[in-house]
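# Notes for the structure review
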Amino acid sequence: MNAKNSVKTPDASLPSTPYYLLDEAAIVANMQIIARLCELSGAKALLALKCFATWGVFDVMQPYLHGTTSSSLNEVRLGHETFGNNADVNSKDKKETHAYSVAYSADEIPEVLSYADKIIFNSISQLNAFKDQAAAQGIPVGLRLNPKTSNSSFIIADPARPFSRLGEHDKDKIAAVLNDITGVMIHNNCENDSFEAFSESLADIEARFGDILEQLEWVSLGGGIHFIAPDYPLEKLAERLKGFSETYGVQVYLEPGEASIHGAGSLVTTVLDTMHNEKNLAVVDASIEAHMLDLLIYQEPASIAAINNDAIEIKAIDKNNSSDNTIIYGRSCLAGDIFGEYELPSNLKVGDKIAFGNAAGYTMVKKNWFNGVNMPAIVIRRLDGSIDIQREFDYQDYKASLS
Ligand SMILES: *Cc1c(COP(=O)(O)O)cnc(C)c1O
């Protein structure tokens, strides 16, 4: 699925810019791939809320997924409230709400347990501190395992980075608490689009931790597998997961974040000003720092998905240094608030609409009020093509975010 579908013809019901536009049809296309992977492999898929928590579209996601996973008390509550359902625990329609946090505080635990169907602790010390409370409520307990190897090209997102705090790695220590846990969670991939790399790293985990795995009931393999790519060998992945599940006798969970919503959202902006400083410059009514912060953190430019409602995918320029290029800036005063540098079919003018692609994952969850810049509205193109303005933000929201 690519972002082209996210922007179609001009639509009278769209609000003024800036707004995030989510396309339910594009989300469902991703969901169908996930559902197929689950069907072929027997794995269960949980939406990672830290990537995407815009619950206004959960109704179209819920039928395809088995639940949600979380990284905090607020996320586990949101997952329970918006995605969990009241189906009987033993029903196949029951949606699961998994709780995980890098570190829980003691006073959060009772509330976390009131929402969770499983709780995964990050360390053995947290496990020891809280396992009895979970057991008292009959809630299965897991531990995060850190295999000390990963497929991540960014050190900031590498769970196996040196001195990592993300999970336990010492096999003897893990073996000593096996009576307290029914499963483990391993998350060591980040946008990994190579099946071979995934499979090799899983083989490495099996070689080192296999005798632990076979004593468990479930293993979550986390997120970060880019099986949503059109050329990804989905069947091979399914077969690999199925074999893994059979070898160790475990239920496999996947925790797709990015794969769930990849290409399903755009950030639609308007050019407010143009200038020239050795290159063409344009300033839009949004900010990369406030509205697509992840790109700034990873030093990656935004792709253009549409200009003036014409779907046209324009990748940012990497190396060419032509003075004909246009740099699109955000309107915050951060000097480097840059969406990207582009080779455009024609020069931009004030009033042009620019839609930046792939603006759903790690984007809406990180939006902030830096510079007091207007917060983009949240707009949803429903499956039937109708447009819902799900939420608009104003000065009162800005004011209420501080005090
Ligand atoms: C971030 C994260 C995910 C989701 O990762 P994606 O790359 O968005 O698929 C899943 N599980 C855990 C534990 C995570 O930290």
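All of these numbers come straight from a predicted model, not from anything done at the bench.

Calculation criteria
- Residues numbered from 1 in each chain as written.
- Predicted model: local features only at pLDDT ≥ 70, side-chain atom pairs only at ≥ 80, totals over all residues.
- Heavy atoms only, no water.
- UniProt positions renumbered as here; feature names shortened; annotations may be inferred.
- Helix = DSSP H or I, 4+ residues; strand = E, 2+ residues; numbered from the N terminus.
- Polar contact = N/O pair within 3.5 Å; in protein donor to acceptor, adjacent residues only side chain to side chain.
- Contact = heavy atoms within 4.5 Å.
- Buried < 20%, exposed > 50% of the residue type's maximum accessible area, 1.4 Å probe, protein only.
- Salt bridge = Lys/Arg side-chain N within 4 Å of Asp/Glu carboxyl O.
- Right-handed = clockwise from strand over helix to strand, strands pointing away.
- Patch = residues over 30% accessible without salt bridge, like charges linked within 9 Å, V, L, I, M, F, W, Y side chains within 5 Å.
- Areas by Shrake-Rupley, 256 points an atom, 1.4 Å probe, with all protein chains shown as cover.
- Lys, Arg positive; Asp, Glu negative; His and termini not counted.
- Charge placed at Lys NZ, Arg CZ, Asp CG, Glu CD.
- Axes fitted to C-alpha atoms, helices over the stretch in contact; angles between N-to-C directions.
- Parallel < 35°, antiparallel > 145°, perpendicular 65-115°, else oblique.
- Nonpolar A, V, L, I, M, F, W, Y, C, P; charged D, E, K, R; others polar.
- Core = buried A, V, L, I, M, F, W, Y, C linked by side-chain atoms within 4.5 Å.
- Domains from an automatic or database assignment.
- Pairing = 2+ DSSP bridges.
- Near = heavy atom within 4 Å.

This brings us to the UniProt feature "domain: Orn/DAP/Arg decarboxylase 2 C-terminal" (unreviewed entry) in the chain. Residues annotated in UniProt with the feature "domain: Orn/DAP/Arg decarboxylase 2 C-terminal" (unreviewed entry) correspond here to residues 208-359. Secondary structure content for residues 208-359 is 22% helix and 30% strand, and the end C-alpha separation is 38 Å.

Next up on the list: the side chain of S220. Note on placement: S220 falls in strand β8 (residues 218-220). A polar atom in the side chain of S220 sits 2.8 Å from the side chain of E255. Excluding its chain neighbours within four sequence positions, the residues that come into contact with S220 are V184, M185, I186, Y253 and E255.

This part takes up the side chain of T270. Inspection of the secondary structure puts T270 in strand β10 (residues 265-276). By relative accessible area, which is 11% here, T270 ends up buried. A polar contact of 2.5 Å, which involves the side chain of T270, links it to the side chain of T17.

Attention now goes to the pattern of salt bridges. According to the stated counting rule, one finds 20 salt bridges in the structure shown. Across the salt bridge formed by K118 and E96, the nearest N and O atoms sit 3.2 Å from each other. Of this pair, K118 sits in strand β5 (residues 118-121) while E96 is found in strand β4 (residues 96-101), placing the two residues 22 residues apart along the sequence. By relative accessible area, which is 9% here, K118 ends up buried. Look at the salt bridges and you will find they share partners, linking E24, R382 and D388 into a network.

The alternating pattern of strand β6 (residues 141-144) places V141 and L143 on one face and G142 and R144 on the opposite face, and all of these are buried. On the question of chirality, the crossover connecting β5 to the parallel β6 by way of helix α5 (residues 124-136) is right-handed. In this fold, the crossover linking β6 to strand β7 (residues 183-185) by way of helix α6 (residues 171-176) has right-handed handedness.

Our next topic: a negative patch on the surface. Together, E191, D193, D231 and E300 make up a negatively charged patch on the protein surface. Here E191 is to be found in the loop between β7 and α7 (195-213). For E191, a relative accessible area of 49% corresponds to the partly exposed category.

Moving on, we get to the packing of α7 against helix α8 (residues 234-248). The description of two helices packed together rests on the angle between their axes and the distance between the axes. Running from N to C, α7 and α8 cross one another at 5°; their axes reach a closest spacing of 12 Å. The orientation of α7 with respect to α8, classified from their angle, is roughly parallel. Judged by residue contacts, F195, E196, F198, S199, L202, A203, E206, G210 and L213 of α7 engage K236, L237, R240, L241, F244 and Y248 from α8. Its residues assigned to classes, the contact of α7 with α8 comprises nine nonpolar, two polar and four charged.

Further remarks concern the UniProt feature "binding site: substrate" (unreviewed entry) in the chain. Look at the UniProt record and you will see "binding site: substrate" (unreviewed entry) annotated at E258 and D294. For the annotated residues, spread through 37 residues, the largest C-alpha to C-alpha distance comes to 12.3 Å, consistent with a single compact locus. Considering the arrangement of structural elements, one finds E258 in helix α9 (residues 258-261). Apart from residues no more than four positions distant in its own chain, E258 is found in contact with C51, E191, N358, G361 and Y362.

Further remarks concern the nonpolar core. Among the nonpolar cores identified, the biggest contains 98 residues, and F52, M61, I119, F227, F339 and F356 are the most heavily contacted of them. Taken domain by domain, this core gets at least three of its residues from each of domain 1 (7-20 + 263-400) and domain 2 (25-261). In this structure F52 touches L22, L47, V57, F58, M61, I261, A360, M364 and V365, once residues within four positions along its chain are discounted. L14, Y19, L21 and V379 belong to the second largest nonpolar core, which has nine residues in total.

The next point concerns the sheet that holds strand β3 (residues 67-69). With parallel pairing, eight strands are arranged side by side around a closed barrel as β2-β3-β4-β5-β6-β7-β8-β9. If you compare each strand with its neighbour and ignore which way they point, the axes differ by 25° on average. Note that β8 and strand β9 (residues 251-254) share three bridges and pair parallel. The residue of β9 that forms the bridge with W218 is Q251.

Looking now at the site of the ligand. All residues in the neighbourhood of the ligand are listed as A48, K50, C51, M185, H187, G223, G224, E255, P256, G257, E258 and Y362. Here G224 contributes a backbone N or O atom positioned 2.8 Å from an oxygen atom of the ligand. In this structure, Y362 approaches the ligand through a side-chain N or O atom, which is 2.5 Å from an oxygen atom. Burial of the ligand by the protein chains amounts to 88% of its free accessible area of 380 Å². In terms of residue class, the shell around the ligand is made up of five nonpolar, four polar and three charged.

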